[in-house]
Amino acid sequence: MHGLSGIFDNKGTPLEKQNFTWKDIASKPISKLDDDAFTRVRIILMNGLEQDALRLKHFGSRFNKALQLPLAQIRRAEQHQMTAVNWLLSSDHSPLETTVAYEQVAIEVTAAVAQNEPDPYQAQTYRFGLLEDFDHLYRYSAMLDRLEGKDANNILQGYTDIVPGRPTSEHHRAPESDLRDNYQKEDAALITKIHAAMITAAEFQTHDYYMNIGPLFSDPVARQLYAEIASVEEQHVTQYGSLMDPSESFMEKWLIHEAMEVYAYKSCADQEDNPRIKAMWEQFLDYELGHLNLACDLFKQLERRDPAEVLGGDLPKMVEFKSQREFVRKVLEEETTMRTSGTHFVSKQEESPLSLEYREQMNSKIIPSNVASAGYEWRPGTELSEKSS
């Protein structure tokens, strides 16, 4: 799929033919251990994108009476797509194991996006954020070992390293230093717009998941760890959301979101090994093409403009669902000490004093991420009984 011709040539499944039954949307889940970890990465990513599709359309409805019905009609289909995708996760994943999986998504997908992003500043922002998710993975892996005696690598399947990144205790910044310079809608490549919508959606889902499950833990350190990292995820949503041009109209943002969903489902369908899940990705790709074409028709009617003004330009390769270990290690080596001051990326010495002040306050009584990982160093085979050597 390249550029406009690839997106618009296929009209997809018309909305009125996008039908579901309860059996369709609550089907057989994946296997925690037998399915490839990247099948679960795709499931979690696409759930986040569908969740954001609902969120965006609900907000749009609050501002536009004429769009309320078509948005409600598309939301109904996307509600059921989201359910079908999210219900693929199996019940033998503990909430902490699912958390480890969420962080694997954040690391591997953001690393893929960072390498595919043509705008140097936006790419820098993705690299900055992925190092923080990388450290979150380490803290949660320590918590999984401590609370459940499980090795996080059973979830990660050897694709993603479990070592510290930029320390979570240093992620806490003043809001002024979480905002980034946005792309300019007239000049930005289509893939730049798609990336910003995609990563914002993925981080929003992670934030909401941690906020929902954090209080369910009885262990006081786990409760504090989720509270600490959920706060950082809110900062990430702020950071990535600010990469988008705020002068875009709602309809422009909607077109970009639909194009992003098409691009993501196509990426999933092209790379999925599980035939049953691949068929779902292909079905929902056709459904999203239907949504995109409906949005384009409404855009022409209401804004009297050509959708090509928003969705012009070629798309590079699909999101690559594969281990980005070498790239992540390089970023880890070169950029762990990077900090922010306002919208600028700076050295540790130049970090905003407002962030230092805020951090000192938040960390003044306890730093849960440090407590959770105290003495933890991942090594293979930790679930097996060990003899002291």
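Values in this document were obtained by computation on a predicted structure and should not be read as measured data.

Colleague: Mind showing me how you'd approach the overall build of the chain here?
Modeller: Helix and strand content of the chain: 15 helices and two strands. Here the C-alpha atoms of the chain give a radius of gyration of 21 Å, agreeing with the 21 Å that 2.2 N^0.38 yields for 389 residues. Expressed along its principal axes, the backbone C-alpha trace of the chain runs to roughly 70 × 50 × 35 Å. When the 389 residues of the chain are sorted by exposure, 57% land in the buried category. Sequence-distant contacts, at least 24 apart, represent 87% of the contacts inside the chain between residues at least 6 apart. Split by element, the accessible area of the chain, about 16600 Å² in all, is 53% carbon and sulfur. Taking the average location of the 41 positive side-chain charges in the chain and that of its 62 negative ones, the two points are 3 Å from each other.

Colleague: What am I meant to see in the packing of helix α6 (residues 120-148) against helix α8 (residues 190-213) here?
Modeller: Between α6 and α8, the shortest axis-to-axis distance is 12 Å and the interhelical angle comes to 25°. The orientation of α6 relative to α8 falls into the category roughly parallel. As α6 packs across α8, the resulting crossing turns out to be left-handed. Contacts from Q122, Y126, D133 and Y140 in α6 reach T192, H195, A196, I199, E203 and Y210 in α8.

Colleague: In this structure, what is going on with the pattern of salt bridges? I would like to understand it.
Modeller: Opposite charge on two side chains permits them to pair, given that their charged atoms come into close proximity. This structure, assessed with the given rule, holds 29 salt bridges. Across the pair R166 and E132 runs a salt bridge, and its minimum N-O distance is 3.3 Å. With a gap of 34 residues between them, R166 in the loop between α7 (153-156) and α8 and E132 in helix α6 connect regions that are remote in the sequence. Across the pair, exposure class does not vary: R166 and E132 are buried alike. Among the charged side chains, a network of salt bridges with common partners joins E170, R339, K348, E351 and R359.

Colleague: Teacher, can you tell me more about the packing of helix α3 (residues 37-63) against α8 here?
Modeller: For any two helices packed against each other, one specifies the crossing angle of their axes together with the interaxial distance. At their nearest, the axes of α3 and α8 sit 8 Å apart, and the two run at 95° to each other. Judged on the interaxial angle alone, α8 and α3 are roughly perpendicular. Of α8, the residues touching α3 (which contributes I44, L45, N47, G48, L49, Q51, D52 and R55) are A197, M198, A201, A202, F204, Q205 and D208. Residues of the contact of α3 with α8, tallied by class, amount to eight nonpolar, four polar and three charged.

Colleague: I would appreciate a short explanation of unusual backbone geometry in the present structure.
Modeller: A negative phi angle characterises most non-glycine residues, just as the trans form characterises most peptide bonds. For Q157, which is not glycine, the phi torsion reads 55° and is therefore positive. Position of Q157 among the secondary structure elements: in the loop between α7 and α8. The exposure class of Q157 is partly exposed, given its relative accessible area of 26%. The phi dihedral of R304 falls on the positive side, at around 50°, and the residue is not glycine. When you line up the elements, R304 lands in the loop between α11 (275-303) and α12 (308-311). Note on R304: relative accessible area 70%, which makes it exposed.

Colleague: Teacher, can you tell me more about the nonpolar core here?
Modeller: Across soluble globular proteins, nonpolar side chains show a tendency to be buried alongside one another. Residues L45, M46, V109, I194, M198 and W281 are the most contacted members of the largest nonpolar core, which totals 102 residues. Excluding its chain neighbours within four sequence positions, the residues that come into contact with L45 are V105, V109, M198, A202 and F321.

Colleague: Where do I start with the packing of aromatic side chains in this structure?
Modeller: Two numbers describe a pair of aromatic rings. These are the distance of the centres and the angle of the planes. Overall, the coordinates contain 17 aromatic pairs when judged by the stated rule. Seen from their ring centres, Y121 and F345 are 5.7 Å apart, and the 50° between their planes marks the pair as tilted. Highlighted residues: Y121 in helix α6 and F345 in strand β2 (residues 344-346), separated in sequence by 224 residues. By relative accessible area, Y121 is classed as partly exposed at 22%. For F345, a relative accessible area of 18% corresponds to the buried category. Centroid distance Y210 to Y226: 5.6 Å. Interplanar angle 80°. Geometry classified as edge-to-face. In this pair, Y210 sits in helix α8 while Y226 sits in helix α9 (residues 220-241), placing the two residues 16 residues apart along the sequence.

Colleague: I would appreciate a short explanation of the confidence of the model for the chain in the present structure.
Modeller: Low-confidence regions, as indicated by low pLDDT, have predicted coordinates that should not be scrutinised in detail. With 96% of its residues at a pLDDT of 70 or more, the chain has an overall mean of 94. A low-confidence stretch, residues 1-5 stays under pLDDT 50, and its non-local contacts, those more than four residues away or across chains, total 16 contacts. Here residues 385-389 scores under 50 on pLDDT; set against residues more than four positions off or in separate chains, the count is two contacts.

Colleague: Looking at this model, I keep getting lost on α9. Mind explaining?
Modeller: Structural remark: α-helix, 3.6 residues per turn; residues separated by three or four positions point the same way. The terminal C-alpha atoms of α9, which comprises 22 residues, lie 32 Å apart, in line with the 32 Å expected from a rise of 1.5 Å per residue. The opening residue of α9 is D219, an N-cap whose side-chain oxygen sits 3.0 Å from the backbone nitrogen of V221.

So, how was this worked out
Residue numbers restart at each chain and count upward from 1, following the sequence in its written direction. Residue-level local features of this predicted model are given only where pLDDT is at least 70; pairs of side-chain atoms are given and counted only at 80 or more, and the full residue set underlies all totals for whole chains, interfaces and linings. For side-chain calculations, the full set of non-hydrogen atoms in the structure is used, while hydrogens and water are omitted. By definition, any uninterrupted DSSP run of H or I lasting at least four residues is a helix, any uninterrupted run of E lasting at least two residues is a strand, and each is numbered from the N terminus. We compute the radius of gyration from the C-alpha atoms alone; for a globule the expected value is 2.2 Å times N to the 0.38, where N is the number of residues. Only protein chains enter the accessibility calculation, which uses a 1.4 Å probe. A residue is then buried if its area is under 20% of the maximum for its type, exposed if over 50%, and partly exposed in between. Working rule for contacts: check all heavy atoms of both residues, and any pair within 4.5 Å makes them a contact. Per-residue and other accessible areas follow the Shrake-Rupley method at a 1.4 Å probe size, with only the shown protein chains counted as cover for residues. A positive count includes Lys and Arg, and a negative count includes Asp and Glu. His and the chain ends are not counted in either. One atom stands in for each charge, and that atom is NZ of Lys, CZ of Arg, CG of Asp or CD of Glu. Between the N-to-C directions of two axes lies an angle of 0 to 180 degrees, each axis being a line fitted to C-alpha atoms and, for a helix, fitted only over the stretch in contact. Any angle that falls under 35 degrees is termed roughly parallel, while one over 145 is termed roughly antiparallel, one within 65 to 115 roughly perpendicular, and all others oblique. Two helices crossing with the near one rotated counterclockwise from the far one by less than a right angle form a left-handed crossing, whereas a clockwise rotation gives a right-handed crossing. Throughout this description, the term salt bridge denotes a Lys or Arg side-chain nitrogen within 4 Å of a carboxyl oxygen of Asp or Glu. Classes in brief: Ala, Val, Leu, Ile, Met, Phe, Trp, Tyr, Cys and Pro nonpolar; Asp, Glu, Lys and Arg charged; the others, Gly included, polar. Take the buried Ala, Val, Leu, Ile, Met, Phe, Trp, Tyr and Cys residues and link them wherever side-chain atoms come within 4.5 Å; each set so joined is a nonpolar core. Within 6.5 Å between ring centres, the rings of Phe, Tyr and Trp (the latter by its six-membered ring) count as paired, and their orientation is classed by plane angle as stacked under 30 degrees, edge-to-face over 60, tilted in between. pLDDT is a residue-level measure of predictor confidence that goes from 0 to 100. In this scheme, a helix's expected span is set at 1.5 Å multiplied by one less than its residue total. Distance and chemistry together define a polar contact, namely a pair of N or O atoms within 3.5 Å, with one atom able to donate a hydrogen and the other to accept it when in protein, and with adjacent residues in sequence counting only for side-chain atoms on both sides.

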